[in-house]
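# Chain and residue survey
Listed below are the residues making up each chain.
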2 protein chains.
Amino acid sequence: MQSQIPDVVIYRLPFYTRVLTSLAEEDIEVVSSQDLGERLQMTPAQIRKDLSYFGKFGRQGKGYNVKQLLGELQQITGLDREWNMVLVGVGRMGNAILDYGKLALRGFRIVAAFDVDPQLIGREIGGVVIQDISELADTIKQQDIKIGVVTVPPSQVQQAVDRLVECGIKAILNYAPFAPRVPQDVRVRRVDPMLALQTATYHLKSLGTT
Amino acid sequence: MQSQIPDVVIYRLPFYTRVLTSLAEEDIEVVSSQDLGERLQMTPAQIRKDLSYFGKFGRQGKGYNVKQLLGELQQITGLDREWNMVLVGVGRMGNAILDYGKLALRGFRIVAAFDVDPQLIGREIGGVVIQDISELADTIKQQDIKIGVVTVPPSQVQQAVDRLVECGIKAILNYAPFAPRVPQDVRVRRVDPMLALQTATYHLKSLGTT
DNA sequence: GTGTGTGAATGTTTTCACAGCG
DNA sequence: CGCTGTGAAAACATTCACACAC
């Protein structure tokens, strides 16, 4: 039924690719799980175990070849290719995301943006022309897009997500502070600075004054 | 240290307060772990177990009083008060955050912002005047601030974090794509949309074409 | 009857510790 | 030697299932 590779492990892979990328930039050729562990603040054993789910990438007595391991991990995570995305909801946040150039550099490119506001349709932001939401299905199917970014107001999130799912979107980056309901095979990832703060205050509480 | 309450539980508390808040707004007075579970897409048992770490808030055969439980949880999480924060690094992201009004409504208020760029010092954004970084220590100590938001370029994150920690900051909202090193008693929370995307592509890979 | 609170059971993740390879 | 890869053990988290309170 399922992949038997724990989700937590999948979640950690991008961390590995990031450190390996910067090691590669420093022209470091070989790295041990020990080194990696220090840079990532995790135990060497965990790193070795994680990697072992996918294969044997290291050499005993030596460590891992940085470039080779990086390549393997990029392939495993699917970060070796470009991913096209659609964005739904060109409000404040959607605008900022469209206007932010660096996404594409990292392999994620917003190729289409949608809104319901007639005022916005036809405008161009960050090289993307805003289309009417009614064109969503066609665009997604034509370009075989699998990732959607949802930046509509909270009250419309579920509806927007439903539409995306109907169109065959399989991963959603959600900027709303709650989890929309989706079928099991669709992944939702939440971006929620507020939540991050709210999980920190518990520990601050016990810290006297203010 | 006698925390004994699992971190995962602490992380879930804000979700409970959010649903309870919206239930309260709908004037719903009582809720069962069953109901909560459906809304949050988690098992009733987990909710009951989580809550049991902090006390007995429910009534058998009935459920939980929404307002009362909300109050308890806000107190437990420290969300029953206002938190003042400083922001370091008024670049693109820092600017956006300062300009974003709603933070304060949710109990978090940025009361001071800092940068090293002389061009920026003295400017006002979102009601906050940008100060020179040299004034950081004084401001934090005078106002007994415990939370810092770090939006400096990646290469300067560790330095900025070190300064904040020296000044007594105990929680940091980090917008950089890596984890700075901090003492054990300082919590760092990362906001990282890129990471969110990167954890999703693993599952998309196996999905044919594109 | 209904739904909480909770030990006990089950499932999952991390860590240990060491055989074995280079 | 040094460091990987990995079963086995330990730690941790979730779910079960039921006594008990309303």
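Structure shown above.
Residues numbered from 1 in each chain as written. Chains lettered and ligands numbered in written order. Predicted model: local features only at pLDDT ≥ 70, side-chain atom pairs only at ≥ 80, totals over all residues. Heavy atoms only, no water.

### Observations regarding the overall build of chain A
Along the backbone of chain A there are nine helices and 10 strands. Dimensions of chain A along its principal axes, counting C-alpha atoms only, are 65 × 55 × 40 Å. For chain A, the residues scored as buried account for 47% of the 210 residues in total. Within chain A, residue pairs in contact and separated by at least 24 positions form 52% of the contacts whose partners lie at least 6 positions apart. Accessible area for chain A stands at about 10,800 Å²; split by element, carbon and sulfur atoms hold 49% of it. Counting 24 positive and 23 negative side-chain charges, chain A places the averaged centre of each group 7 Å from the other. (Helix = DSSP H or I, 4+ residues; strand = E, 2+ residues; numbered from the N terminus. Buried < 20%, exposed > 50% of the residue type's maximum accessible area, 1.4 Å probe, protein only. Contact = heavy atoms within 4.5 Å. Areas by Shrake-Rupley, 256 points an atom, 1.4 Å probe, with all protein chains shown as cover. Lys, Arg positive; Asp, Glu negative; His and termini not counted. Charge placed at Lys NZ, Arg CZ, Asp CG, Glu CD.)

### Section: the packing of helix α2 (residues 33-40) of chain A against helix α3 (residues 44-52) of chain A
All names here are of chain A. Close contact between α2 and α3 brings their axes to 8 Å; oriented N to C, the two are set at 110 degrees. Of the possible angle classes, the one that applies to α2 and α3 is roughly perpendicular. Note on packing geometry: the crossing formed by α2 with α3 is right-handed. Every residue of α3 that contacts α2 at Ser-33, Gln-34, Leu-36 and Gly-37 is listed here: Pro-44, Ile-47 and Arg-48. Among the residues forming the contact of α2 with α3, the class breakdown is three nonpolar, three polar and one charged. (Axes fitted to C-alpha atoms, helices over the stretch in contact; angles between N-to-C directions. Parallel < 35°, antiparallel > 145°, perpendicular 65-115°, else oblique. Left-handed = near helix turned anticlockwise from the far one by under 90°. Nonpolar A, V, L, I, M, F, W, Y, C, P; charged D, E, K, R; others polar.)

### Examining the sheet that holds strand β10 (residues 187-190) of chain B
All names here are of chain B. Here we have seven strands laid out as an open sheet, ordered β6-β7-β5-β4-β8-β9-β10, and mixed in their pairing. Bordering the open sheet on either side are β6 (124-125) and β10, each of which pairs with just one other strand. In this sheet, strand β8 (residues 147-150) lies alongside strand β4 (residues 83-88) in parallel orientation, the contact comprising four bridges. The residue of β8 that forms the bridge with Met-85 is Ile-147. (Pairing = 2+ DSSP bridges.)

### Description of the relation of the copies chain A and chain B
Each copy of the chain is related to the other by a rotation around an axis and a translation along that axis. Mapping chain A onto chain B calls for a screw motion: a turn of 180 degrees about the axis and a shift of 0.0 Å along it, with 0.0 Å RMSD after fitting. Interpreted geometrically, this transformation is the action of a two-fold axis. In terms of C-alpha distance to the rotation axis, chain A has A:Val191 as its closest residue, with the C-alpha 3.5 Å off the axis. Interface residue correspondence from chain A to chain B reaches 98%, placing this contact among same-surface, isologous pairings. (Least-squares fit on C-alpha atoms with pLDDT ≥ 70 in both.)

### Structural notes on the sheet that holds strand β3 (residues 63-65) of chain A
All names here are of chain A. Overall, antiparallel pairing links the three strands, which are arranged β1-β3-β2 in an open sheet. Edge positions in the sheet fall to β1 (30-31) and β2 (58-59), since each of these pairs with one other strand and no more. Strand direction decides the pairing type here: β1 and β3, joined by two bridges, are antiparallel. Its bridge partner lying in β3, Val-30 is registered against Asn-65. Lying over the sheet, helix α4 (residues 66-77) contacts β1 and β3, oriented at roughly 75 degrees with respect to β3.

### So, the protein's contact with DNA strand D
What surrounds DNA strand D is a group of 24 residues, the closest being A:Ser33, A:Arg48, A:Phe57, A:Gly58 and A:Tyr64. Within 4 Å of the protein, the atoms of DNA strand D are drawn from sugar and phosphate moieties in a proportion of 61%. Within the side chain of A:Arg48, one N or O atom sits 2.7 Å away from a base nitrogen of DNA strand D. Mapped onto the surface near DNA strand D, the elements with two or more residues apiece are α3, β2 and β3 of chain A together with α1 (7-25) and α3 (44-52) of chain B. Each residue belonging to the surface near DNA strand D can be placed in one class, and the counts come to five nonpolar, 10 polar and nine charged. (Near = heavy atom within 4 Å. Polar contact = N/O pair within 3.5 Å; in protein donor to acceptor, adjacent residues only side chain to side chain.)

### Observations regarding the protein's contact with DNA strand C
Lining the immediate environment of DNA strand C, one finds 23 residues, of which B:Ser33, B:Arg48, B:Gln60, B:Gly61 and B:Tyr64 sit closest. By atom count, sugar and phosphate contribute 61% of the portion of DNA strand C lying within 4 Å of the protein. One of the side-chain nitrogen or oxygen atoms of A:Thr43 is found 3.2 Å away from a phosphate oxygen of DNA strand C. A distance of 3.5 Å separates a sugar or linking oxygen of DNA strand C from a polar atom in the side chain of A:Gln60. Of all elements in the fold, only α1 (7-25) and α3 of chain A together with α3, β2 (58-59) and β3 (63-65) of chain B reach the threshold of two or more residues within the surface near DNA strand C. Its residues assigned to classes, the surface near DNA strand C shows four nonpolar, 10 polar and nine charged.

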